[in-house]
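Residue strings, one per chain:
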Amino acid sequence: MKKISILLLTTILLSSCVSKKKYMALEQENGEIKSELAKTRVEKEDLEDKFAKIQARVDRYNEKINTLNEDVEGLKIENDIKLDVNADGTVMSNESKRKMMATLENVDPAKLAEAKTLKDSMNLAVQYNLSKTMGTSDLNEDEDIAVNINETVVMISISDKMLFNTGSYRISNKANNILQKLADVINSEESIDVMVEGHTDSRTINTEKIADNWDLSVLRATSVVRKLQNKYGVAPEKMIASGRSSYQPLVENDSRENRSKNRRTRIILMPNIDKFFALMEAN
(Lines give C-alpha, C1' and ligand atoms only; values in the text may rest on other atoms or scores of the structure.)
Protein backbone atom coordinates (compact mmCIF):
# COMPACT_ATOMS: atom_id res chain seq x y z
CA MET A 1 0.00 0.00 0.00
CA LYS A 2 2.87 2.27 0.85
CA LYS A 3 4.51 1.53 -2.50
CA ILE A 4 1.33 2.47 -4.37
CA SER A 5 1.14 5.79 -2.57
CA ILE A 6 4.75 6.65 -3.40
CA LEU A 7 4.21 5.75 -7.07
CA LEU A 8 1.07 7.91 -7.27
CA LEU A 9 2.83 10.87 -5.70
CA THR A 10 5.73 10.51 -8.09
CA THR A 11 3.37 10.45 -11.05
CA ILE A 12 1.61 13.63 -9.87
CA LEU A 13 4.90 15.42 -9.34
CA LEU A 14 6.21 14.45 -12.79
CA SER A 15 2.93 15.53 -14.39
CA SER A 16 3.13 18.86 -12.63
CA CYS A 17 6.68 19.42 -13.86
CA VAL A 18 5.74 18.73 -17.50
CA SER A 19 2.76 21.11 -17.39
CA LYS A 20 4.93 23.86 -15.90
CA LYS A 21 7.59 23.41 -18.60
CA LYS A 22 4.95 23.57 -21.33
CA TYR A 23 3.44 26.66 -19.72
CA MET A 24 6.82 28.34 -19.55
CA ALA A 25 7.48 27.43 -23.19
CA LEU A 26 4.15 28.90 -24.24
CA GLU A 27 4.82 32.00 -22.19
CA GLN A 28 8.16 32.41 -23.88
CA GLU A 29 6.61 31.85 -27.32
CA ASN A 30 3.86 34.34 -26.52
CA GLY A 31 6.45 36.87 -25.43
CA GLU A 32 8.38 36.38 -28.65
CA ILE A 33 5.20 36.82 -30.73
CA LYS A 34 4.33 39.99 -28.84
CA SER A 35 7.85 41.26 -29.40
CA GLU A 36 7.67 40.47 -33.11
CA LEU A 37 4.27 42.13 -33.30
CA ALA A 38 5.57 45.25 -31.59
CA LYS A 39 8.59 45.23 -33.89
CA THR A 40 6.31 44.82 -36.91
CA ARG A 41 4.08 47.67 -35.69
CA VAL A 42 7.11 49.93 -35.30
CA GLU A 43 8.38 48.96 -38.75
CA LYS A 44 4.89 49.62 -40.21
CA GLU A 45 4.74 53.04 -38.59
CA ASP A 46 8.25 53.76 -39.79
CA LEU A 47 7.34 52.72 -43.36
CA GLU A 48 4.17 54.82 -43.24
CA ASP A 49 6.22 57.80 -42.09
CA LYS A 50 8.75 57.25 -44.85
CA PHE A 51 5.96 56.85 -47.43
CA ALA A 52 4.33 60.09 -46.24
CA LYS A 53 7.66 61.90 -46.60
CA ILE A 54 8.17 60.42 -50.08
CA GLN A 55 4.62 61.41 -51.09
CA ALA A 56 5.25 64.93 -49.80
CA ARG A 57 8.44 65.12 -51.89
CA VAL A 58 6.58 63.82 -54.96
CA ASP A 59 3.87 66.44 -54.43
CA ARG A 60 6.50 69.17 -54.18
CA TYR A 61 8.23 67.94 -57.35
CA ASN A 62 4.89 67.82 -59.20
CA GLU A 63 4.14 71.33 -58.03
CA LYS A 64 7.53 72.50 -59.32
CA ILE A 65 6.96 70.71 -62.63
CA ASN A 66 3.55 72.34 -63.01
CA THR A 67 5.09 75.72 -62.23
CA LEU A 68 7.84 75.09 -64.78
CA ASN A 69 5.23 74.05 -67.35
CA GLU A 70 3.33 77.24 -66.68
CA ASP A 71 6.56 79.20 -67.03
CA VAL A 72 7.40 77.42 -70.28
CA GLU A 73 3.89 78.05 -71.61
CA GLY A 74 4.16 81.66 -70.52
CA LEU A 75 7.51 82.00 -72.26
CA LYS A 76 6.06 80.34 -75.36
CA ILE A 77 3.12 82.77 -75.39
CA GLU A 78 5.45 85.67 -74.74
CA ASN A 79 7.67 84.53 -77.58
CA ASP A 80 4.67 84.12 -79.89
CA ILE A 81 3.44 87.66 -79.34
CA LYS A 82 6.89 89.21 -79.42
CA LEU A 83 7.20 91.67 -82.28
CA ASP A 84 10.33 91.75 -84.41
CA VAL A 85 11.43 94.56 -86.68
CA ASN A 86 12.90 92.86 -89.73
CA ALA A 87 15.66 94.06 -92.02
CA ASP A 88 13.19 95.46 -94.54
CA GLY A 89 11.27 97.38 -91.85
CA THR A 90 8.39 94.92 -91.59
CA VAL A 91 7.01 94.47 -88.06
CA MET A 92 5.54 91.04 -87.37
CA SER A 93 5.05 88.67 -84.43
CA ASN A 94 6.60 85.20 -84.33
CA GLU A 95 3.14 83.60 -84.35
CA SER A 96 2.23 85.49 -87.53
CA LYS A 97 5.49 84.38 -89.10
CA ARG A 98 4.62 80.75 -88.41
CA LYS A 99 1.16 81.18 -89.91
CA MET A 100 2.66 82.93 -92.90
CA MET A 101 5.17 80.12 -93.46
CA ALA A 102 2.37 77.54 -93.27
CA THR A 103 0.45 79.50 -95.90
CA LEU A 104 3.47 79.81 -98.18
CA GLU A 105 3.66 76.01 -98.41
CA ASN A 106 0.58 76.26 -100.66
CA VAL A 107 1.87 79.07 -102.86
CA ASP A 108 3.14 78.44 -106.40
CA PRO A 109 6.90 77.71 -106.02
CA ALA A 110 7.67 79.89 -109.03
CA LYS A 111 6.01 82.89 -107.36
CA LEU A 112 7.63 82.04 -104.03
CA ALA A 113 11.07 82.06 -105.67
CA GLU A 114 10.49 85.70 -106.60
CA ALA A 115 10.03 86.76 -102.97
CA LYS A 116 13.28 88.42 -101.93
CA THR A 117 12.25 89.88 -98.56
CA LEU A 118 9.90 89.10 -95.69
CA LYS A 119 7.58 91.79 -96.99
CA ASP A 120 7.44 89.99 -100.34
CA SER A 121 6.57 86.77 -98.51
CA MET A 122 3.82 88.53 -96.54
CA ASN A 123 2.50 89.85 -99.81
CA LEU A 124 2.29 86.37 -101.32
CA ALA A 125 0.69 84.88 -98.18
CA VAL A 126 -2.01 87.54 -98.00
CA GLN A 127 -2.64 87.35 -101.74
CA TYR A 128 -3.09 83.59 -101.52
CA ASN A 129 -5.34 83.66 -98.44
CA LEU A 130 -7.49 86.59 -99.49
CA SER A 131 -7.93 85.30 -103.04
CA LYS A 132 -8.93 81.91 -101.62
CA THR A 133 -11.33 83.53 -99.15
CA MET A 134 -12.97 85.68 -101.80
CA GLY A 135 -13.25 82.79 -104.25
CA THR A 136 -11.65 84.68 -107.13
CA SER A 137 -10.34 81.65 -109.01
CA ASP A 138 -12.80 82.30 -111.83
CA LEU A 139 -11.52 85.86 -112.33
CA ASN A 140 -8.63 87.14 -114.43
CA GLU A 141 -6.19 88.13 -111.72
CA ASP A 142 -4.33 90.60 -113.92
CA GLU A 143 -7.41 92.40 -115.25
CA ASP A 144 -10.38 91.79 -112.98
CA ILE A 145 -8.94 91.73 -109.46
CA ALA A 146 -5.54 92.08 -107.82
CA VAL A 147 -4.60 91.67 -104.17
CA ASN A 148 -1.51 93.34 -102.74
CA ILE A 149 -0.10 94.39 -99.39
CA ASN A 150 1.92 97.42 -98.37
CA GLU A 151 3.16 97.29 -94.78
CA THR A 152 -0.05 96.31 -92.93
CA VAL A 153 -2.45 97.69 -95.54
CA VAL A 154 -4.15 95.15 -97.79
CA MET A 155 -5.28 96.49 -101.16
CA ILE A 156 -7.82 94.82 -103.43
CA SER A 157 -8.11 96.41 -106.84
CA ILE A 158 -11.31 95.51 -108.73
CA SER A 159 -11.85 96.33 -112.38
CA ASP A 160 -14.83 98.62 -112.99
CA LYS A 161 -16.28 96.17 -115.49
CA MET A 162 -16.85 93.88 -112.50
CA LEU A 163 -18.83 96.58 -110.67
CA PHE A 164 -20.26 99.23 -113.02
CA ASN A 165 -21.41 99.87 -116.54
CA THR A 166 -19.33 102.33 -118.57
CA GLY A 167 -19.73 105.93 -117.37
CA SER A 168 -22.09 104.88 -114.58
CA TYR A 169 -21.83 104.78 -110.79
CA ARG A 170 -24.72 102.35 -110.34
CA ILE A 171 -23.51 98.93 -109.24
CA SER A 172 -24.43 96.11 -111.59
CA ASN A 173 -25.88 92.78 -110.42
CA LYS A 174 -22.75 90.91 -111.47
CA ALA A 175 -20.92 92.70 -108.63
CA ASN A 176 -23.00 90.98 -105.95
CA ASN A 177 -20.83 87.88 -105.61
CA ILE A 178 -17.54 89.70 -105.16
CA LEU A 179 -19.05 92.31 -102.80
CA GLN A 180 -20.57 89.52 -100.70
CA LYS A 181 -17.15 87.85 -100.41
CA LEU A 182 -15.56 91.17 -99.55
CA ALA A 183 -18.19 91.87 -96.87
CA ASP A 184 -17.59 88.40 -95.38
CA VAL A 185 -13.91 89.24 -94.92
CA ILE A 186 -14.64 92.68 -93.43
CA ASN A 187 -17.39 91.46 -91.09
CA SER A 188 -15.40 88.52 -89.77
CA GLU A 189 -12.85 90.72 -88.00
CA GLU A 190 -13.82 93.87 -86.13
CA SER A 191 -10.28 95.28 -86.25
CA ILE A 192 -10.50 95.85 -90.02
CA ASP A 193 -11.28 99.34 -91.29
CA VAL A 194 -12.05 99.88 -94.97
CA MET A 195 -11.33 102.66 -97.44
CA VAL A 196 -13.05 102.48 -100.84
CA GLU A 197 -11.28 104.48 -103.56
CA GLY A 198 -12.77 105.24 -106.96
CA HIS A 199 -10.40 105.65 -109.96
CA THR A 200 -11.24 106.69 -113.52
CA ASP A 201 -9.41 106.93 -116.83
CA SER A 202 -8.42 110.31 -118.26
CA ARG A 203 -11.38 110.82 -120.59
CA THR A 204 -13.51 113.74 -119.45
CA ILE A 205 -17.11 113.26 -118.45
CA ASN A 206 -19.87 115.81 -117.84
CA THR A 207 -23.52 114.86 -117.51
CA GLU A 208 -26.58 116.07 -115.67
CA LYS A 209 -25.64 114.00 -112.62
CA ILE A 210 -21.84 113.73 -112.99
CA ALA A 211 -19.80 116.92 -113.12
CA ASP A 212 -16.38 115.41 -113.90
CA ASN A 213 -14.04 112.51 -113.14
CA TRP A 214 -13.68 113.63 -109.55
CA ASP A 215 -17.41 113.37 -109.19
CA LEU A 216 -17.57 109.98 -110.92
CA SER A 217 -14.76 108.47 -108.82
CA VAL A 218 -16.35 109.59 -105.53
CA LEU A 219 -19.86 108.53 -106.60
CA ARG A 220 -18.56 105.06 -107.45
CA ALA A 221 -16.86 104.79 -104.08
CA THR A 222 -20.01 105.86 -102.21
CA SER A 223 -22.08 103.39 -104.26
CA VAL A 224 -19.84 100.53 -103.11
CA VAL A 225 -19.91 101.75 -99.50
CA ARG A 226 -23.73 101.99 -99.50
CA LYS A 227 -24.03 98.50 -101.01
CA LEU A 228 -21.70 97.03 -98.38
CA GLN A 229 -23.65 98.77 -95.63
CA ASN A 230 -27.23 98.31 -96.79
CA LYS A 231 -27.13 94.86 -98.38
CA TYR A 232 -24.23 93.10 -96.68
CA GLY A 233 -24.32 94.58 -93.18
CA VAL A 234 -20.88 96.18 -93.02
CA ALA A 235 -20.79 98.72 -90.17
CA PRO A 236 -20.73 102.23 -91.71
CA GLU A 237 -18.31 103.54 -89.07
CA LYS A 238 -15.67 101.14 -90.42
CA MET A 239 -15.78 102.58 -93.95
CA ILE A 240 -14.38 105.58 -95.78
CA ALA A 241 -15.44 106.61 -99.31
CA SER A 242 -12.95 108.55 -101.43
CA GLY A 243 -12.22 109.39 -105.06
CA ARG A 244 -8.91 109.77 -106.93
CA SER A 245 -10.31 110.86 -110.29
CA SER A 246 -7.78 109.98 -113.03
CA TYR A 247 -4.68 111.18 -111.20
CA GLN A 248 -3.28 107.82 -110.05
CA PRO A 249 -3.27 105.73 -113.23
CA LEU A 250 -1.74 102.26 -113.27
CA VAL A 251 -0.62 102.71 -116.88
CA GLU A 252 -0.67 105.45 -119.52
CA ASN A 253 -4.14 106.32 -120.82
CA ASP A 254 -3.01 105.86 -124.41
CA SER A 255 -5.14 102.92 -125.48
CA ARG A 256 -8.54 101.39 -124.89
CA GLU A 257 -6.97 98.48 -123.04
CA ASN A 258 -4.93 100.74 -120.76
CA ARG A 259 -7.87 102.99 -119.99
CA SER A 260 -9.81 99.88 -118.95
CA LYS A 261 -7.03 99.00 -116.48
CA ASN A 262 -7.13 102.48 -114.97
CA ARG A 263 -10.90 102.37 -114.38
CA ARG A 264 -10.98 100.53 -111.10
CA THR A 265 -12.19 100.57 -107.51
CA ARG A 266 -9.58 99.95 -104.88
CA ILE A 267 -10.64 98.46 -101.54
CA ILE A 268 -8.06 99.16 -98.84
CA LEU A 269 -8.27 96.99 -95.72
CA MET A 270 -6.45 98.35 -92.69
CA PRO A 271 -6.22 95.53 -90.15
CA ASN A 272 -4.11 94.61 -87.19
CA ILE A 273 -1.74 92.33 -89.12
CA ASP A 274 -1.66 89.61 -86.43
CA LYS A 275 -5.47 89.52 -86.28
CA PHE A 276 -5.54 89.48 -90.07
CA PHE A 277 -3.38 86.36 -90.23
CA ALA A 278 -5.55 84.76 -87.54
CA LEU A 279 -8.58 85.55 -89.70
CA MET A 280 -6.92 84.09 -92.77
CA GLU A 281 -5.99 80.94 -90.83
CA ALA A 282 -9.59 80.50 -89.69
CA ASN A 283 -10.87 80.88 -93.24
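Residues numbered from 1 in each chain as written. Predicted model: local features only at pLDDT ≥ 70, side-chain atom pairs only at ≥ 80, totals over all residues. Heavy atoms only, no water.

### Quick notes on the packing of helix H5 (residues 176–187) against helix H6 (residues 213–230)
Contact geometry of H5 with H6 gives a least axis separation of 10 Å together with a crossing angle of 65°. The angle between H5 and H6 places the two elements in the roughly perpendicular class. In the packing of H5 onto H6, the handedness of the crossing is right-handed. Residue-level contacts link Asn-176, Leu-179, Leu-182, Ala-183 and Ile-186 of H5 to Val-224, Lys-227 and Leu-228 of H6. Broken down by class, the residue content of the contact of H5 with H6 amounts to six nonpolar, one polar and one charged. (Axes fitted to C-alpha atoms, helices over the stretch in contact; angles between N-to-C directions. Helix = DSSP H or I, 4+ residues; strand = E, 2+ residues; numbered from the N terminus. Parallel < 35°, antiparallel > 145°, perpendicular 65-115°, else oblique. Left-handed = near helix turned anticlockwise from the far one by under 90°. Contact = heavy atoms within 4.5 Å. Nonpolar A, V, L, I, M, F, W, Y, C, P; charged D, E, K, R; others polar.)

### With respect to H6
Here H6 spans 25 Å end to end across 18 residues, near enough to the 26 Å set by a 1.5 Å rise per residue. Considered for burial, the residues of H6 that qualify are Asn-213, Leu-216, Ser-217, Arg-220, Ala-221, Thr-222, Ser-223, Val-224, Val-225 and Leu-228. Buried residues in H6 make contact with H5, strand E5 (193–199), strand E6 (239–243) and strand E7 (264–270). By the N-cap criterion, in which a side-chain oxygen at the helix start approaches the backbone nitrogen of a residue two or three places on, H6 is capped by Asp-212, the distance to Trp-214 being 3.1 Å. (Expected span 1.5 Å × (residues − 1). Buried < 20%, exposed > 50% of the residue type's maximum accessible area, 1.4 Å probe, protein only. Polar contact = N/O pair within 3.5 Å; in protein donor to acceptor, adjacent residues only side chain to side chain.)

### Some remarks on the nonpolar core
Of all hydrophobic cores here, the largest spans 28 residues; its most connected members are Leu-179, Val-224, Leu-228, Ile-267 and Leu-269. Counting residues per element, the ones that place at least two in this core are strand E3 (145–150), strand E4 (153–159), H5, E5, H6 and E7. If one sorts the elements of this core by residue count, H5 sits on top with six residues. Residues within four places of Leu-228 in sequence aside, it is in contact with Leu-179, Leu-182, Ala-183, Ile-186, Gly-233, Val-234 and Met-239. Within the second largest apolar cluster, five residues are counted, among which are Met-100, Val-107, Leu-124 and Ala-125. (Core = buried A, V, L, I, M, F, W, Y, C linked by side-chain atoms within 4.5 Å.)

### Describing the pairing of E7
Within E7, six of the seven residues are buried, leaving the element largely enclosed by the surrounding structure. For E5 and E7, the ladder comprises seven bridges, and the chain directions are antiparallel. Directly across from Asp-193, in E7, lies its bridge partner Met-270. (Pairing = 2+ DSSP bridges.)

### Brief notes about the pattern of salt bridges
Under the definition given, this model contains six salt bridges. The salt bridge partner of Glu-197 is Arg-244, with a shortest N-O separation of 3.2 Å. Pair noted here: Glu-197 is in strand E5 and Arg-244 is in the loop between E6 and helix H7 (256–262), with a separation of 47 residues, a long-range link. We classify Glu-197 as buried; its relative accessible area is 2%. For Arg-244, a relative accessible area of 32% corresponds to the partly exposed category. (Salt bridge = Lys/Arg side-chain N within 4 Å of Asp/Glu carboxyl O.)

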